[in-house]
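# Structure at a glance
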Amino acid sequence: MTRPLPIQSVRGPGDAVDDMTLARAAAAGDRRAFADLYRRHLDSVYARLTRVVGPAAERDDLVQQIFLDLYRALPRFRGDAALTTFLHRIVLNVACEHLERRQRGRARSEPLDDRQLETLTAPGASPEQRARQRQELRRLFQHLEHLSPKRRAAFMLVAVEGLPLEDAAALLNASAPAIKQRVLEARRELAEAMDRGAPEGRT
Amino acid sequence: MKAADRDSRIENELVAPLREARPTLDELHRARLAGAIEAALDLEKQAPARRRAPRPAALGGLLAAAAIALMTGLTWRPPRRPTPPARPAPATVARDLPRTTPLLVPYPGAHQGAPKTGASTSLVALPGERARAARSTMDRCRPTMFFSSALRITGTISPFSSATAMPTLTSR
């Protein structure tokens, strides 16, 4: 019988404990400190992962893999960069590896169903608006399937999330000019895919 | 299409909807993810070496691939060439044949080589020599010529006449 991770924080709202302290405690084996890190960063990890890989069914497995990788890597975390940067490098590595596996056909790639797309729609919208939004998102993710994983990640970080080139380069372990080039190529490929009309992606 | 038009189209049709999409997690989903991560961490804590070990699925795949490779190696044959016309099989020595009763039994002393035979004119047999006939058995049995001297000696025929001589009593 496994002990469930405490959902509620063990510290009060006023206890401002920075990520570095929690990371050191978690690296020393403090599972509660790791639970605090998990709760603090789960939303951002889930949102970024969803934008990069799409609302695929295997997102939960990838989230689990990301936090397990973080737990294993925490003893090597020296604090040179922010823990957020350290964590989101893991996120993008896991996402790109998953996209590469999917493009090579090793991972399961099934068409997105309405239930998966429903997690991305606005909660307060009318049913008609939600249906139209789902249709639009399905078409968008089909276009994104044409991109290579590196270009897709760079496009998502720079064009969609609006990160500066330097920040995106730090997350993707590349230079800023390389990221800029990837975004330009991604825009060109996406425009060509949209000009072709009906997408032929595998999403 | 100009680059500006292309970028504006991508911005309107692709980037803006993606920005509006907000993946959200409800509490149940969070709890389920937290439970899965906690279980995985407990599993790692119990068996830290298992993480480095190959997964059972991968190990099974490796074993299956090795078995297939082994079977393929055993049953593989090089591509056949056009078979040349059949040649008569070379004679093989008897030791390669199964042990059966030999039809030709070597005579004792065969290991000493071919038997020696003396000269046909010699009347003395050397030790170990085979008896040797001057004429073959068939030649000796077949009457090739009429030997008339015996009849002359016995007076059956007359040397002076072809008629048979009759014995006559003579007195002195």
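The coordinates are above.
Residues numbered from 1 in each chain as written. Chains lettered and ligands numbered in written order. Predicted model: local features only at pLDDT ≥ 70, side-chain atom pairs only at ≥ 80, totals over all residues. Heavy atoms only, no water.

## Quick word on the overall build of chain A
To keep it simple, the criterion reads: Comment: elements are numbered from the N terminus, with helices defined as DSSP H or I runs of at least four residues and strands as E runs of at least two. We call two residues in contact whenever any of their non-hydrogen atoms come within 4.5 Å of each other.
A count of helices and strands for chain A gives nine helices and zero strands. Helices (α) and strands (β) of chain A occur, in sequence order from the N terminus, as α-α-α-α-α-α-α-α-α. Looking at chain A alone, contacts between residues at least 24 apart form 65% of all its contacts between residues at least 6 apart.

## Quick word on the side chain of Arg187(A)
Heads up, the rule is: Type-normalised accessible area, obtained with a 1.4 Å probe on protein chains alone, sets the label of each residue: buried when under 20%, exposed when over 50%, and partly exposed for intermediate values.
By the element assignment, Arg187(A) lies in helix α9 (residues 176-195). Given the relative accessible area of 13%, Arg187(A) is considered buried.

## A word on the environment of Glu58(A)
Residues and elements named next belong to chain A. The criterion, for reference: What qualifies as a polar contact is a pair of N or O atoms within 3.5 Å, subject to a donor-acceptor requirement within protein and to the restriction that residues adjacent in sequence count only when both atoms come from side chains.
Within the secondary structure, Glu58 is located in the loop between α2 (31-53) and α3 (59-73). For Glu58, a relative accessible area of 12% puts it in the buried group. Along the backbone, Glu58 and His98 are 40 residues apart, and their C-alpha atoms lie at a distance of 9.4 Å. A polar side-chain atom of Glu58 sits 2.9 Å from a polar atom in the side chain of His98.

## Overview of the pattern of salt bridges
This is how the line gets drawn: What counts as a salt bridge is simple: a side-chain nitrogen of Lys or Arg found within 4 Å of a carboxyl oxygen of Asp or Glu.
Under the criterion given, the structure shown has 21 salt bridges over all chains. A salt bridge links Arg152(A) to Glu145(A); the nearest nitrogen and oxygen atoms lie 3.0 Å apart. Each member of the pair, Arg152(A) as well as Glu145(A), is classed as buried. Its salt-bridge partner being Arg9(B), residue Glu13(B) comes within 3.5 Å of it at the nearest N-O pair. Placement of the pair is Glu13(B) and Arg9(B) together in helix α1 (residues 3-20), with a separation of four residues, close to one helical turn. With relative accessibility at 24%, the residue Arg9(B) sits in the partly exposed group. A network of salt bridges, in which partner residues are shared, links Glu58(A), Arg102(A), Glu145(A) and Arg152(A).

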